[in-house]
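# Geometric and topological summary
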Amino acid sequence: MASRIQQVAAHMTGVSAEQWQGVPLAPPDSIFQLTAAYKEDTFDKKINLGVGAYRDDNNKPWVLPVVKEATRILLNDETLDHEYLPITGLPEFTTAAAKLILGVTSPALAEGRVASVQTISGTGANHLGALFLSRFYQWSGDKKVWLSNPTWANHHAILKNVGIEPVEYPYYDPKTIGLDFEGFVGALKNAPERSVFLLHACAHNPTGVDPTPEQWGTIAEVMLAKKHYAFLDCAYQGFASGDLDKDAWAVRFFVEKGVALLICQSFAKNAGLYGERVGALHIVSPTKEASARVKSQLSVLQRSEISNPPSHGARIVSLILNNPTLFEAWKQDIQTMAGRIIDMRKELFRLLTEEFHTPGNWDHIVNQIGMFSFTGIKPSQSKALIEEAHVYLTGNGRISMAGLNTKNVRYFAESLDKVVRSA
Ligand code: PLA
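Residues numbered from 1 in each chain as written. Predicted model: local features only at pLDDT ≥ 70, side-chain atom pairs only at ≥ 80, totals over all residues. Heavy atoms only, no water.

### What about the overall build of the chain?
- A count of helical and extended segments in the chain gives 17 helices and 13 strands.
- The C-alpha radius of gyration computed for the chain amounts to 23 Å, which stays within 12% of the reference 22 Å derived for 423 residues, consistent with globular compactness.
- When the backbone C-alpha atoms are referred to their principal axes, the chain occupies close to 75 × 60 × 55 Å.
- Out of the 423 residues in the chain, the part that is buried amounts to 52%.
- Sequence separation of 24 or more characterises 75% of the internal contacts of the chain that already satisfy a separation of 6 or more.
- Summing over all exposed atoms, the chain offers an accessible surface of approximately 20,200 Å²; the carbon and sulfur share of this is 55%.
- The centroid of the 41 positive side-chain charges in the chain is displaced by 3 Å from the centroid of its 43 negative side-chain charges. (Helix = DSSP H or I, 4+ residues; strand = E, 2+ residues; numbered from the N terminus. Rg over C-alpha atoms; globule rule 2.2 N^0.38 Å. Buried < 20%, exposed > 50% of the residue type's maximum accessible area, 1.4 Å probe, protein only. Contact = heavy atoms within 4.5 Å. Areas by Shrake-Rupley, 256 points an atom, 1.4 Å probe, with all protein chains shown as cover. Lys, Arg positive; Asp, Glu negative; His and termini not counted. Charge placed at Lys NZ, Arg CZ, Asp CG, Glu CD.)

Shown next, in the form of structure tokens:
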């Protein structure tokens, strides 16, 4: 009765019948809320170490010189139009992107066993890969994908969105601030046959801890023995070592060993094209014929989701990958970025150990690789850094090394020293 009266009242006041009472208020995104809070902060020494976006030594976003050059070429190209791209993307882009990750001489490519589709950056590649597995993988039981503990938080959400349950395997050992290799291999051995494991191809986010080549060897062996599937996320090719080929080593090694796999590729970080959303999904199949079937289904899935991927960023990357002069220039730009990050690691390490004599062992600052460093500090200490020092970082103690520069690294080291001593 009461609800009838409410309905009538709502009708009379012109309020829509649907009140969305069942929609809970969601918390803001844990990473992007830091950027928003940082922007609002008026403190002059504030530092943003939240999102993994490269900044130059003046704390400015860096448009890669090679991207400027490619954009200039595009703007002067009278033949370009604004038509739809094919559903699976710009072919010159996907072909070159596959070579970049798999290697120019990859037998899988030569044998036509790779289905490549242009995606909405790395996130879109993860989504399309997960959606494809959700529909077509021959699951032995429930749909589950194993994620490293910890991992990029969005992996959990992306899998749940397509009806896959994320489960965790041990990866990081807080005691050593390094890899829990035994725990990791134990999980690979104990998981049911044909399990799907999501692995970070290089520069693990958030820990900056990667397996050594020898450890990758063991991981591949166990995966082959147990017929596991590798879901490889490669969002930082070039950022780990500064060398595109070196950072693709684990992917190429897995393909060579015959581990069944897919690769999610992003050009957000290594080309500085965050907003253009350029990425690709590559699924390696055992035969050319299977690959054609896989690609046909990826095309059907893509059609209903985004119809056609965006053209601008893919054209920029395609130019860079297919033009030898631009490609060499890009490699230089990547070295500039990776090199500056490595320098910041060294300087932070020096300040903590030689100047501030901060309690604890800080070797991991220089041993971890890529965009991020997992400092090993407690959530309460991360909170204190934000609230007292205006240094923004994720609650798990991850810092984006790219947010440090020669002007703010000392203030950061000093602030870190303070929170470490106070708790
Ligand atoms: N995979 C991993 C492991 C990532 O860290 C990120 C981005 C992506 C995929 C997706 O990137 P893309 O869609 O832009 O290509 N991680 C960032 C940003 C840099 C984010 O959270 O989206 C991070 O700060 O963790």
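### Overview of unusual backbone geometry
- The residue after Asn149, namely Pro150, is reached through a cis peptide bond having omega 5 degrees.
- On the secondary structure map, Pro150 appears in the loop between strand E3 (144–149) and helix H7 (153–161).
- A cis amide bond links Asn205 to the next residue, Pro206, at an omega of 15 degrees.
- One non-glycine residue, Asn59, lies in positive phi territory at about 65 degrees.
- Locating Asn59 in the fold gives a position in the loop between strand E1 (47–48) and helix H3 (65–75).
- Under the relative-accessibility criterion, Asn59 is labelled partly exposed at 28%.

### Examining the packing of aromatic side chains
- By the definition in use, this model includes 19 aromatic pairs.
- A ring pair is formed by Phe43 and Tyr411, whose centres lie 6.4 Å apart and whose planes are at 45 degrees; its orientation type is tilted. Of this pair, Phe43 sits in the loop between helix H2 (32–40) and E1 while Tyr411 is found in helix H17 (residues 409–422), placing the two residues 368 residues apart along the sequence.
- Between Tyr169 and Phe197, the ring centres sit 5.4 Å apart and the planes meet at 50 degrees, which makes this aromatic pair tilted. Residue Tyr169 is located in strand E4 (residues 165–170), and its partner Phe197 is located in strand E7 (residues 196–200); the two are separated by 28 residues in the primary sequence. Neither residue differs from the other here; Tyr169 and Phe197 are each classed as buried.
- Grouping aromatic residues by their ring pairs yields a cluster made of Trp146, Tyr169, Tyr171, Phe184 and Phe197. (Phe/Tyr/Trp six-rings, centres within 6.5 Å; stacked < 30°, edge-to-face > 60°.)

### Notes on the layout of surface pockets
- There is about 940 Å³ of room inside the largest pocket.
- Along its surface, the largest pocket is lined by 41 residues, and Phe32, Val51, Gly52, Lys269 and Tyr274 are the ones closest to its centre.
- Elements that contribute at least two residues to the lining of the largest pocket include exactly H2, helix H6 (121–136) and H7.
- Each residue belonging to the lining of the largest pocket can be placed in one class, and the counts come to 18 nonpolar, 16 polar and 7 charged.
- As a volume, the second largest pocket reaches approximately 680 Å³.
- In terms of lining, the second largest pocket is formed by 25 residues, of which the most central are Tyr229, Ala260, Val284, Ser285 and Pro286.
- Those elements giving two or more residues to the lining of the second largest pocket turn out to be H6, helix H9 (213–225), strand E9 (260–266), strand E10 (278–284) and helix H12 (288–305). (1 Å grid on protein atoms, 1.4 Å probe; cavity = no way out; pocket = protein on both sides within 12 Å on 5 of 7 lines; lining within 4 Å. Points joined across faces, edges and corners; volume = space filled by probe spheres on them. Nonpolar A, V, L, I, M, F, W, Y, C, P; charged D, E, K, R; others polar.)

### Points about the environment of Leu404
- Turning to its location among the elements, Leu404 is positioned in the loop between strand E13 (398–400) and H17.
- In this structure, the C-alpha to C-alpha distance between Leu404 and Asn48, residues 356 residues apart in sequence, is 8.4 Å.
- If near-sequence neighbours (up to four positions away) are discounted, Leu404 is found in contact with Leu49, Arg340, Met344, Leu348, Val409 and Phe412.

### Some points on the pairing of E3
- When E3 meets E4, the two strands line up parallel, connected through 6 bridges. In the sheet register, Trp146 faces E4, and the bridge partner there is Val167.
- On the question of chirality, the crossover connecting E3 to the parallel E4 by way of H7 is right-handed.
- Pairing geometry for E3 and E7, over 2 bridges, is parallel. Residue pairing across strands places Trp146 opposite Phe197, the latter belonging to E7. (Pairing = 2+ DSSP bridges. Right-handed = clockwise from strand over helix to strand, strands pointing away.)

### A closer look at the domain arrangement of the chain
- Here the chain is described as being made up of domain 1 (28–62 + 339–421) and domain 2 (84–322).
- Contact residues are listed per partner, giving 17 residues for domain 1 and 16 residues for domain 2.
- Of all residues in domain 1, Ile369, Phe372 and Phe374 give up the largest surface area on contact with domain 2, accounting jointly for 38% of the area buried on that side.
- Connecting domain 1 to domain 2 are 4 residue pairs in polar contact (both at pLDDT 80 or more).
- Looking at the side of domain 1 that touches domain 2 element by element, the count peaks at 3 residues for strand E11 (residues 372–374).
- Residues belonging to the side of domain 1 that touches domain 2 are distributed by class as follows: 8 nonpolar, 8 polar and 1 charged. (Domains from an automatic or database assignment. Buried area = accessible area lost by both parts, 1.4 Å probe. Polar contact = N/O pair within 3.5 Å; in protein donor to acceptor, adjacent residues only side chain to side chain.)

### Focus: the pattern of salt bridges
- Summed over all chains, the structure comprises 13 salt bridges.
- In this structure, Arg252 engages Asp245 in a salt bridge whose closest nitrogen and oxygen atoms are separated by 3.0 Å.
- Classification of Asp245 as partly exposed rests on a relative accessible area of 45%.
- Taken together, the shared-partner salt bridges in this structure form one network comprising Glu347, Arg350, Glu355 and Arg410. (Salt bridge = Lys/Arg side-chain N within 4 Å of Asp/Glu carboxyl O.)

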